[in-house]
Amino acid sequence: MTVDELLARARARLVRLLPRDAAEARDRGALLVDIRPQAQRAEEGGIPGAFVIERNVLEWRLDPTSPWRIPEADGHQREVVVFCSQGYTSSLAAASLQDLGLVRATDLVGGFQAWAEAGLPTELS
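Residues numbered from 1 in each chain as written. Predicted model: local features only at pLDDT ≥ 70, side-chain atom pairs only at ≥ 80, totals over all residues. Heavy atoms only, no water.

Our focus in this paragraph is the packing of helix α1 (residues 3–12) against helix α5 (residues 89–99). Two elements in contact, α1 and α5, have axes whose closest approach is 9 Å; the angle formed by their N-to-C orientations is 55°. With respect to their mutual orientation, α1 and α5 come out oblique. Here the hand of the crossing between α1 and α5 comes out left-handed. From α1, Leu 6, Leu 7, Ala 10 and Arg 11 reach across to α5, where they touch Ser 91, Leu 92 and Ala 95. Considered class by class, the residues forming the contact of α1 with α5 number five nonpolar, one polar and one charged. (Axes fitted to C-alpha atoms, helices over the stretch in contact; angles between N-to-C directions. Helix = DSSP H or I, 4+ residues; strand = E, 2+ residues; numbered from the N terminus. Parallel < 35°, antiparallel > 145°, perpendicular 65-115°, else oblique. Left-handed = near helix turned anticlockwise from the far one by under 90°. Contact = heavy atoms within 4.5 Å. Nonpolar A, V, L, I, M, F, W, Y, C, P; charged D, E, K, R; others polar.)

Dropping the structure here:
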């Protein structure tokens, strides 16, 4: 399998959200999760209200059964919208969260860059 095939397989099971749809999901209580490394956040900026959980600890912080979870990871039905810079890594991450039973995990089409291009609020990290 190639990485492109892996990505296509992950995306086939996600209901990916466009930037405005992700903003609406956040407004109704979804966790908006930024998985970018600190250097990328410092360069690009961030999304107000997003949880910063770098990719290497994502599953431990969002698994409702994990002793290392964040308090907001309160159940497998919690809606989670993951984003990275351009929307590639986030697709793989969201699929991994679905594998953990987070059935409403998905990602942001185009990532942070699409969010910013849509004119949605950003902040310096």
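With respect to topology, four strands assemble into an open sheet ordered β2-β1-β3-β4, the strand pairing being parallel. Of all the strands in the sheet, the pair left with one neighbour each is β2 (51–52) and β4 (105–107). Taken together, the two bridges between strand β1 (residues 31–34) and β2 define a ladder with parallel strand orientation. The residue of β2 that forms the bridge with Val 33 is Phe 51. (Pairing = 2+ DSSP bridges.)

Across all of its chains, the model carries zero aromatic pairs by this definition. Over the ring of Phe 112 we find Arg 36; its NZ or CZ atom is 4.4 Å from the centre of that ring. (Phe/Tyr/Trp six-rings, centres within 6.5 Å; stacked < 30°, edge-to-face > 60°. Lys NZ or Arg CZ within 6 Å of the ring centre and 35° of its normal.)

Turning to the nonpolar core, a few remarks are in order. Within the largest apolar cluster, 15 residues are counted, with the highest numbers of intra-cluster contacts made by Val 33, Ile 35, Leu 58, Leu 62, Val 80 and Leu 97. Taken together, the elements giving at least two residues each to this core come down to β1, α4 (58–62), β3 (80–83) and α5. Leave out the neighbours within four places in its chain, and Leu 97 touches Leu 58, Glu 59, Leu 62, Val 80, Val 82, Leu 102 and Ala 105. Residues Ala 22, Ile 47, Phe 112 and Leu 120 belong to the second largest nonpolar core, which totals 13 residues. (Core = buried A, V, L, I, M, F, W, Y, C linked by side-chain atoms within 4.5 Å. Buried < 20%, exposed > 50% of the residue type's maximum accessible area, 1.4 Å probe, protein only.)

The next subject is the pairing of β3. Burial along β3 is two-sided: the face carrying Val 80 and Val 82 and the face carrying Val 81 and Phe 83 are both buried. The pairing of β1 with β3 spans four bridges and is classified as parallel. What sits directly across from Asp 34, in β3, is Phe 83. In terms of strand pairing, β3 meets β4 through three bridges, oriented parallel. What sits directly across from Val 80, in β4, is Ala 105. A crossover links β3 with its parallel partner β4, the connecting element being α5, and its sense is right-handed. (Right-handed = clockwise from strand over helix to strand, strands pointing away.)

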